[in-house]
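A look at the structure
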Amino acid sequence: MVHEHPPDCPLSVHDLTVAYQRKPVIWDVDLNIPEGKLVGIVGPNGAGKSTLLKACLDLIPKTSGWVHIYGQPYRANRHLVGYVPQRESVDWDFPVNALDVVAMGTYRRLGWFRPVGKAQKAIALEALEKVGIAHLAGRQISQLSGGQQQRVFLARALAQDAKVYFMDEPFAAVDAATEQAIVVLLQELRDSGRTCLVVHHDLATVAQYFDWLIFLNLRVVASGPTREVFTDENLRKTYGGKLSLLDHAAEAIRRS
Amino acid sequence: MPTPHEILSTVLLQSYNTRVVVLGTAMLGLASGITGAFLLLRKRSLMGDALSHATFPGIGIAFALMVSAGGSGKDLPGLLTGATISGVLGVLCMLAIRNTTRLRDDVAMGFALSVFFGTGAAVYAMVQTKPGAAGLESFIYGKAASMVFSDVVMISTVGITVTATALLLLKEFTVLCFDENFAASTGWPVLRLDILLLVLVTAVTVTGLQAVGLILIIAFLIIPPTAARFWTNSLRRMLVLSGGIGAISGWLGASVSALFANLPAGALIVLTAASIFLFSMLFGTARGVVLKLLDQARLQRRIGRQHLLRAAYEILETMNQPVSNQPIPRQRLLEHRSWSNPELSRLLTQARNEDHIEPGSNPAQIHLSESGFGEASRITRNHRLWELYLITHADIAPSHVDRDADLVEHILGAEMVRALEAELKPRPVIPNSPHQIPSPS
Amino acid sequence: MNWTPDDTWIALTGALCAMACSLPGCFLVLRKMSMMGDAISHAVLPGLAIAFLVTGERASLPMFLGAAATGVLTAVFTQWITRFGNIDQGAAMGIVFTTLFALGLILIVQAADHVDLDPGCVLYGAIEFITFDTVSLGSTEIPRAALVNGGALLLNLTVIATLYKELRISSFDSGLADTLGFSSGLLHYLLMTLVAVTTVAAFESVGSIIVIAMMIVPPAAALLLTRRLLPMLLLSSAIAGASAVLGHWAALIVPPLIGFERTNTSGMIAFTAGLLFTLAWIFSPTEGLLRRRADALSSADGTT
């Protein structure tokens, strides 16, 4: 199979394999994601969804293959990328408030040594406003609810002002209101030409939220517009015999 | 016992010797308080412990090299260089273990500590037969009381450099400690920042080791930042406090040691810092234990009051329509919720103290006061608004709502209640409970 | 080199002590509390001092009890500060042991007029001199240190063998242990008592350097070689024993090689353990550095 990788593609992954010790976690991943799409990454537990994200972001070593952001290696185009890690990955007891965390999104543009100033705080506050919790800017982060913490992380990514966003399970354990708010936000991002890759768990909502899907189970089962790839066959190939999940999905297909 | 005059003159640093010791330890406390804060946030507080032990072989080897080169072996810069090199090697060894195995930080630190320290002991025993080796121990036990002016100059130079660097890199270290992955994804050189932080700690440790000793420097890196954390949720304030607590411990401890001949300064400084820690842990205004207990008690009282008043209101609703304030039999209240008798008595006493219940009167009959009745109807109304909200706005089965609402209504403030009212277009009367009110059995 | 019967006793005692320390050490490493051995070995100072001030002599038993009690207290205080103060365990440990050590120093200075209880002897136990303090057992003279450390090893073996599954489950998942009815709190303190008793026994007879190293390094090396608890305990004991024997041997032959007269056996034992760890780190068949390198190369080959 010959893969074309158009240079203006926000994310193109070629032949990516990541192995942890002797066990390959994902292999032969080949992807081209067009600009301005909401991309859902779905697959069973342990399918390597987070690993794919982290490998794209150079957070874990790649065994083979390359990842290009807008036609350039990740390092060159890092400033175009925003990242929302899993919420549990940090210590929420850390002595900073919501605004401080969001301002971290501006640090890299600010560069070495220069302290956070009014301009950065204004950007951070604006980002908090977009996720609807500007009134909590001064609150210490441990005093925020799970959904609010997730919004803080999203706001931080917004403050990065990126063109491609990588989000690791932003919907995990958030309340319904937050989930809705995040979906609206994602759609706004897409409508302004940004590309978002989102690791997602809930097959019931996947077709409704995303317009492009990557089915992942150690390798890419399918990648393409939701309309084309959200099929019974792909679900079965991705999830294997986990029937209860498939029932959910079948219902979702009927509804869509 | 020292006289008041002696105390005053010591605390005010009138004697030259005291001034030197106090200034030196306070400077060190400041620098280690600030670097230690980052170690605490990076969850590597014991790094100072590992590092200070890891310097040991370097001191011995430097001594041996200098002796065989024909020197005295006791050249301070030479020994410090040896200590620094072996400390940095210990740090690198630790980072290597952490990054190339699945062993965690604590094991990596423990490895560096014990192997380097053991090696140091072996080296030290070897070089001990060389002339002039006696006194190398002072590197381990310190000699705060015999600090001289040149020590203070060195401590201050290192302390100011380290503090300035740490503050200059405040935002870099913050993002490193808070969210390593995010930092890496945005292109900060995480490993190099880690090494830089540990180099700062090494500088403080090595300087401190020879000036005040091993245990004190370990304590200085851990205790002030941990104590500071109880007083604030802001990183900047924590850094300032931590540096301040370190400096004050140095000043007080060294002063007391100057007053009593038989008390080693290092140990006293540690105990001073530990007392400040204990006080902070108990009474800290951000995370102190007492504060937390008070908060908990207050919350419990509020929830208790709300439960009592709502129960009373719900009983009144079953007694007459429209609802009016009447005496309620105590027995009915007791049956309404799963209160035990003493529990209810406690709640009633509390309500009486808050003037929600008419004083005096028959103990078997509970009569709400005017304000108590008003409060009861308000609480019941908020509660039902919330229930209604959950039922109409979220996919939660109504049978599950009550339990949630009980918890959540106490957490929601007045602001949320207003928002709910606007959303639900409240009716002129108190909305009926979406549940059937269980009739008392 | 001249290996005497005394050297056999020293190596044997070292091995007993190393194995005694490595057994509870495995659980410390699994519970992310590796620094506990170090903490306890510093923190027992006030226990020693108080026992001395109360009894007025350097008798073994009161000192032993005082030290063991302070060791357990270290664990208790650490737990309290971690829980009530909501503080990182490492930091809590650091606060407790530095404070206790400082307290001990002050107490010792008070007693210093009439005692040679200087902190130096706390840190450098003299494994070289154990043969001067022997106990007659039938016709043979056995160093007291060998008996003490053998006793500690026996105690650890017994407790770990009897409570193997309880300790395993509570180290793996303390919440699960609690729901199954094994109080993880109780097991925690039991383990800490073992650590304290072992530490004090070892340190009083052969010095604390061995203790600190043997509680961390052999278990860590074993963890690089296996992922299961029982093999880990066995491997770690084997590595500990080997470190002691090889360490003493190295202490005899290395100094002359580089132009010195003698060195410190405890230190060489810790150093040897470090070397053995490094071997495991590089050559572990499942996750050594070489294996990782080879895997990275082979899977890169496999995919291109």
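One structure accompanies this document, and this report is about it. The numbers attached to residues start from 1 for each chain and follow its sequence in the written order. Each chain gets a letter, beginning with A, and each ligand a number, beginning with 1, in the order they are written. Totals for whole chains, interfaces and linings use all residues, but because this is a predicted model, local features are given only for residues with pLDDT of at least 70 and pairs of side-chain atoms are given and counted only at 80 or more. Computation of side-chain values: all heavy atoms of the structure, hydrogens and water removed.

1. Details of the overall build of chain B
Put simply, DSSP marks the helices as runs of H or I at least four residues long and the strands as runs of E at least two long, and each gets a number from the N terminus on. Looking only at helices and strands, chain B features 20 helices and two strands. Note on classification: 1.4 Å probe, protein chains only; a residue is buried when its accessible area is under 20% of the maximum for its type, exposed when over 50%, partly exposed between these limits. For chain B, with 441 residues in total, the buried portion stands at 56%. Summarising the internal contacts of chain B: among those between residues at least 6 apart in sequence, 70% fall at separations of at least 24. The Shrake-Rupley method, run with a 1.4 Å probe sphere, supplies the accessible areas, and residue values consider only the shown protein chains as cover. For chain B, the exposed surface amounts to about 18400 Å²; the carbon and sulfur share of it is 63%. Residues are treated as being in contact if the distance between any of their heavy atoms lies within 4.5 Å.

2. Describing the overall build of chain C
When helices and strands are counted, chain C shows 14 helices and two strands. Only C-alpha atoms enter the radius of gyration, while the globule expectation follows 2.2 Å times N to the 0.38, with N the number of residues. For 304 residues, the compact-globule estimate of 2.2 N^0.38 gives 19 Å, and chain C sits close to it at 21 Å. Its C-alpha atoms give chain C principal-axis dimensions of roughly 75 × 55 × 35 Å. The buried share of chain C, taken over its 304 residues, is 56%. Summarising the internal contacts of chain C: among those between residues at least 6 apart in sequence, 73% fall at separations of at least 24. Working note: accessible area of chain C is about 12200 Å², and carbon and sulfur atoms make up 69% of it. Mean positive and mean negative side-chain charge positions of chain C (13 and 19 charges, respectively) differ by 14 Å. Charged residues are defined narrowly, with Lys and Arg counted positive, Asp and Glu counted negative, and His plus the chain ends left uncounted. Note that the charge is assigned to NZ on lysines, CZ on arginines, CG on aspartates and CD on glutamates.

3. Considerations on the packing of aromatic side chains
Centre distance within 6.5 Å is the pairing criterion for rings of Phe, Tyr and Trp, where only the six-membered ring of Trp is used; planes under 30 degrees apart are then read as stacked, over 60 as edge-to-face, and the remainder as tilted. What the rule picks out here adds up to 18 aromatic pairs over all chains. Both rings, one in Phe111 of chain B and one in Phe277 of chain C, keep their centres 4.4 Å apart while their planes meet at 35°; by these two values the pair is tilted. You can see Phe111 of chain B sitting in helix α6 (residues 105-127) and its partner Phe277 of chain C sitting in helix α13 (residues 265-283), one on each of two chains. Judged by relative accessible area, Phe277 of chain C falls into the buried class, the value being 1%. Every member of this aromatic cluster is reached through a ring pair, and the members are Trp92, Phe94 and Phe153 of chain A together with Phe178 of chain B. As a reminder, the over-ring test applies to NZ of lysine and CZ of arginine, requiring each to be within 6 Å of the ring centre and within 35 degrees of the ring normal. In this structure, Arg108 of chain A is placed above the aromatic ring of Trp188 of chain B, and the distance from its NZ or CZ to the ring centre is 4.3 Å. Sitting over the ring of Phe153 of chain A, Arg156 of chain A keeps its end group 4.5 Å from the ring centre.

4. Overview of a nonpolar patch on the surface
Residues and elements named next belong to chain B. There is a patch of nonpolar side chains on the surface, built from Leu278, Phe279, Leu282, Phe283, Val290 and Leu294 and spanning about 530 Å² of accessible area. Elements that contribute at least two residues to the nonpolar patch include exactly α14 (265-283) and α15 (289-319). With four residues, the single largest contributor to the nonpolar patch is α14. Of note, Leu278 is situated in helix α14. Candidate patch residues must exceed 30% relative accessible area and have no salt bridge, after which like charges are joined if within 9 Å and Val, Leu, Ile, Met, Phe, Trp or Tyr side chains if within 5 Å. Salt bridge criterion: a side-chain nitrogen from Lys or Arg within 4 Å of a carboxyl oxygen from Asp or Glu.

5. Things to note about the packing of helix α11 (residues 208-225) of chain C against α13 of chain C
All names here are of chain C. Two elements in contact, α11 and α13, have axes separated by 9 Å at closest approach and are oriented at 10°. Judged by the angle between their axes, α11 and α13 are roughly parallel. Where α11 crosses over α13, the two elements pack in a sense that is left-handed. Between α11 and α13, the residues in contact are Ile209, Ile210, Ala213, Met214, Val217, Ala220, Ala221, Leu224 and Leu225 and Ser266, Gly267, Ile269, Ala270, Ala273, Gly274, Phe277, Ala280 and Trp281, respectively. Polar here means any residue outside two lists: the nonpolar Ala, Val, Leu, Ile, Met, Phe, Trp, Tyr, Cys and Pro, and the charged Asp, Glu, Lys and Arg; Gly therefore counts as polar. Split into classes, the residues belonging to the contact of α11 with α13 amount to 15 nonpolar, three polar and no charged. Axis lines are fitted to C-alpha atoms, over the contacting stretch for helices. Their N-to-C directions set the angle, which ranges from 0 to 180 degrees. Between 65 and 115 degrees an angle is taken as roughly perpendicular, under 35 as roughly parallel, over 145 as roughly antiparallel, and anywhere else as oblique. Take the far helix as your reference; a near helix turned counterclockwise from it by less than a right angle gives a left-handed crossing, and one turned clockwise gives a right-handed crossing.

6. With respect to the pairing of strand β8 (residues 195-199) of chain A
Residue and element names in this part refer to chain A. Counting buried residues along β8, five of its five residues qualify, which places the element largely inside the surrounding structure. By the alternation rule, side chains of β8 split into Thr195, Leu197 and Val199 and Cys196 and Val198, which are all buried. Two strands are said to pair when DSSP picks up at least two bridges between them. For strand β3 (residues 38-42) and β8, the ladder comprises four bridges, and the chain directions are parallel. The partner of Leu38 across the bridge, within β8, is Cys196. Note that strand β7 (residues 164-167) and β8 share four bridges and pair parallel. Its bridge partner lying in β8, Val164 is registered against Thr195. If the strands point away from the viewer and the path from the first strand over the helix to the second runs clockwise, then the crossover is right-handed. For the crossover that starts at β7, traverses helix α5 (residues 176-191) and ends in the parallel β8, the hand is right-handed.

7. A short note on the interface of chain C and chain B
Taken together, the contacts link 61 residues of chain C with 59 residues of chain B. Summed over the shared surface of chain C and chain B, the result is one salt bridge. With a closest N to O distance of 2.7 Å, Glu287 of chain C and Arg102 of chain B form a salt bridge. In the analysis that follows, any N or O atom pair within 3.5 Å is treated as a polar contact, provided that within protein one partner can donate a hydrogen and the other can accept it, and provided that, for residues neighboring in sequence, both atoms belong to side chains. Applying the counting rule to chain C against chain B returns nine residue pairs in polar contact (both at pLDDT 80 or more). Going through the elements one at a time, α2 (36-43), α4 (60-85), α5 (89-111), α6 (119-123), α11, α13 and α14 (289-303) of chain C are the ones with two or more residues in the side of chain C that touches chain B. Looking at the side of chain C that touches chain B, the element that brings in the most residues is α5 of chain C, giving 15 residues. Considering only residue class, the side of chain C that touches chain B consists of 37 nonpolar, 16 polar and eight charged.

8. Regarding the sheet that holds β8 of chain A
Residues and elements named next belong to chain A. Spatially, the six strands line up as an open sheet ordered β6-β7-β8-β3-β9-β10, and their pairing is mixed. Bordering the open sheet on either side are β6 (81-84) and β10 (219-225), each of which pairs with just one other strand. Averaged over all neighbouring strand pairs, the angle between strand axes comes to 15°, with direction disregarded. Two elements, β6 and β7, share four bridges in a ladder whose sense is parallel. Counterpart to Val84 in the pairing with β7 is Met167. Docked against the sheet, helix α1 (residues 49-56) engages β3, β6, β7, β8 and β9 (212-217), running at close to 130° with respect to β3.

9. Details of the packing of α4 of chain C against helix α10 (residues 184-205) of chain C
Residues and elements named next belong to chain C. Interhelical geometry of α4 versus α10 gives an angle of 140° and a closest axis separation of 9 Å. Considering the angle they form, α4 stands oblique to α10. α10 is crossed by α4, and the crossing has right-handed handedness. Residues Ser60, Phe64, Ala67, Ala68, Gly71, Val72, Ala75, Val76 and Gln79 of α4 form the contact with α10, whose own contacting residues are His188, Tyr189, Met192, Thr193, Ala196, Val197, Val200, Ala201 and Glu204.

10. Some remarks on unusual backbone geometry
Its identity as a non-glycine residue notwithstanding, Asp15 of chain A has a phi of 55°, on the positive side. Note that Asp15 of chain A resides in strand β1 (residues 11-20). Although it is not a glycine, Lys43 of chain B sits at a positive phi angle of roughly 60°. Among the secondary structure elements, Lys43 of chain B is positioned in the loop between α2 (16-41) and α3 (47-54).

11. Observations regarding the sheet that holds strand β5 (residues 72-73) of chain A
Residue and element names in this part refer to chain A. Taking strand neighbours across the sheet as the criterion, the four strands line up as β2-β1-β4-β5 in an open arrangement whose pairing is antiparallel. The sheet is open, and its two borders are formed by β2 (23-33) and β5, each paired with just one other strand. Relative to β5, strand β4 (residues 64-69) runs antiparallel, the two being bridged by two bridges. Each bridged residue has a counterpart across the sheet, and for Ile69 the counterpart in β5 is Gln72. Contacts from α1 reach β1, β2 and β4 within the one sheet, and its direction differs from that of β1 by about 115°.

12. As for the pattern of salt bridges
For the structure shown, the criterion picks out 26 salt bridges over all chains. We note a salt bridge from Arg42 of chain B to Glu180 of chain B, for which the minimum N-O separation is 3.4 Å. Of this pair, Arg42 of chain B sits in the loop between α2 and α3 while Glu180 of chain B is found in helix α10 (residues 180-185), placing the two residues 138 residues apart along the sequence. Here Arg42 of chain B falls in the buried class, since its relative accessible area comes to 9%. Looking at Glu180 of chain B, the relative accessible area reads 27%, which means it is partly exposed. Glu287 of chain C serves as the salt-bridge partner of Arg227 of chain C, at 3.9 Å between the closest nitrogen and oxygen. On the criterion of sequence distance, the pair formed by Arg227 of chain C in the loop between α11 and α12 (229-257) and Glu287 of chain C in the loop between α13 and α14 is long-range, its members being 60 residues apart. Classification of Arg227 of chain C as exposed rests on a relative accessible area of 54%. Residue classification places Glu287 of chain C among the buried residues on the basis of a relative accessible area of 3%. A single network of salt bridges, built from pairs that share partners, joins Arg42, Arg44, Arg98, Asp105, Glu180 and Asp194 of chain B.

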